[in-house]
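Here's the letter readout for the chains.
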Amino acid sequence: MKKIALILLVLAAFTAHAQVFMPPFENTANLAMGGATAGWREPINGVTNPAQLGYASRLGVLAWSAVPYSIGGWQSHGFQAFTRLPGRSGVGLDILHSGIEGYTEQRFQAGYGRQLSDKLALGGTIMGMRVSADEYGSRTAVSFAVGVTAQVLPTVSLGAMIQNPVPQKIDSSTIANLLKIGVAWQPSSAFVLSAAVDKDLERPFQMRAGAEYRPNNTIRLRLGVRNAPARMAFGAGFALKNGIRIDFCSEWHPVLGLTPGGMVGWIL
């Protein structure tokens, strides 16, 4: 009954007076940190704020998958690629998919970020979104996001991003606009502590916090929490030779259960 109720809730997102285009699940490394990475200056575990593309690595490719709440029929997948351009800028591409039988959502995102100085970067993303429900047909929409990151202290960075700043509707359903503000503290190369807050018009504030510990050059240990509703996450990653990355995580929801995830990547 619990799983049936969850599926009905997802389908209800397409009905009148509801929001469409749910926030996608974060990639595996960021999900393990509660998604609290909006304040990171560099996309160490993937791009979560388009301004981070200004500090992008030479090349990064990530592919991940999760099983939301261990429901076998619910698929959530993501792909991301980013690269540095000559000078002080970078570009990125994201392809995201989430769906159950009879209901699917896809996002296609192209982003650009540029350093305005050694401590400040701006970025933006164009998003193409498609939602499809068997009994309602399909709808598409185009939106955008803008972001900024700033190194305010040698060990502290701030970030902010707003998605869909101009409210839009598909029929009588709205496309969520979302504001994210985050901070990251990195006292050494072995440890990062971060926090973030999200807000859209239809939901309460969501607070996030996460930590990543790197005991050596290979292992990454992660822990995260978030509220609304309260959830905990944990995970581990392995940075292998030649830039290859392997990550695992699980997020625990007190009512709906575990969401396991995995990711492979290549970051130079």
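This structure is a prediction, so every number in the text was calculated from the model and none was measured. (Residues numbered from 1 in each chain as written. Predicted model: local features only at pLDDT ≥ 70, side-chain atom pairs only at ≥ 80, totals over all residues. Heavy atoms only, no water.)

Caption draft 1: Geometry of the overall build of the protein. The secondary structure content of the protein amounts to two helices and 17 strands. A burial count over the protein gives 48% of its 268 residues as buried. Put simply, 47% of the contacts in the protein that link residues at least 6 apart link residues at least 24 apart. As presented, the protein carries roughly 12,500 Å² of accessible surface, and 67% of it is formed by carbon and sulfur atoms. (Helix = DSSP H or I, 4+ residues; strand = E, 2+ residues; numbered from the N terminus. Buried < 20%, exposed > 50% of the residue type's maximum accessible area, 1.4 Å probe, protein only. Contact = heavy atoms within 4.5 Å. Areas by Shrake-Rupley, 256 points an atom, 1.4 Å probe, with all protein chains shown as cover.)

Caption draft 2: Examining the pattern of salt bridges more closely. Counted according to the given criterion, the structure contains 10 salt bridges. Glu 212 serves as the salt-bridge partner of Arg 214, at 2.7 Å between the closest nitrogen and oxygen. Of the two residues, Arg 214 and Glu 212, both sit in the buried class. With a shortest N-O distance of 3.5 Å, Glu 251 and Arg 231 are connected by a salt bridge. Taken together, the positions of Glu 251 in strand S16 (residues 244-253) and Arg 231 in strand S15 (residues 231-239) put the pair 20 residues apart, joining distant regions of the chain. The residues Glu 251 and Arg 231 share a single accessibility class, namely buried. (Salt bridge = Lys/Arg side-chain N within 4 Å of Asp/Glu carboxyl O.)

Caption draft 3: Quick look at the pairing of strand S8 (residues 156-163). Relative to S8, strand S7 (residues 137-153) is paired through eight bridges, and the arrangement is antiparallel. What sits directly across from Ala 145, in S8, is Gln 163. With antiparallel pairing between neighbouring strands as the criterion, S7 and S8 make up a hairpin whose turn holds two residues. Bridge count between S8 and strand S11 (residues 178-188): eight bridges; the pairing is antiparallel. In the sheet register, Ile 162 faces S11, and the bridge partner there is Leu 179. (Pairing = 2+ DSSP bridges.)

Caption draft 4: Structural detail: the side chain of Gln 115. Relative to the helices and strands, Gln 115 is located in strand S5 (residues 103-117). Reaching out from Gln 115, the side chain makes a polar contact with the backbone oxygen of Gly 54 at a distance of 2.8 Å. (Polar contact = N/O pair within 3.5 Å; in protein donor to acceptor, adjacent residues only side chain to side chain.)

Caption draft 5: A look at a nonpolar patch on the surface. Taken together, the side chains of Leu 223, Val 225, Met 232, Phe 234, Trp 252 and Leu 258 present a nonpolar region at the surface, about 570 Å² in accessible area. Broken down by secondary-structure element, the contributors of at least two residues to the nonpolar patch are strand S14 (219-226) and S15. Turning to its location among the elements, Leu 258 is positioned in strand S17 (residues 257-267). (Patch = residues over 30% accessible without salt bridge, like charges linked within 9 Å, V, L, I, M, F, W, Y side chains within 5 Å.)

Caption draft 6: Representation of the packing of aromatic side chains in the model. Overall, the coordinates contain four aromatic pairs when judged by the stated rule. Connected via pairs of aromatic rings, a cluster forms that spans Phe 25, Tyr 69 and Trp 74. Of note, Arg 41 hangs over the ring of Tyr 55, and the distance from its end group to the ring centre comes to 4.4 Å. Directly above the aromatic system of Phe 205 lies the positively charged group of Lys 199, at a separation of 5.6 Å from the ring centroid. (Phe/Tyr/Trp six-rings, centres within 6.5 Å; stacked < 30°, edge-to-face > 60°. Lys NZ or Arg CZ within 6 Å of the ring centre and 35° of its normal.)

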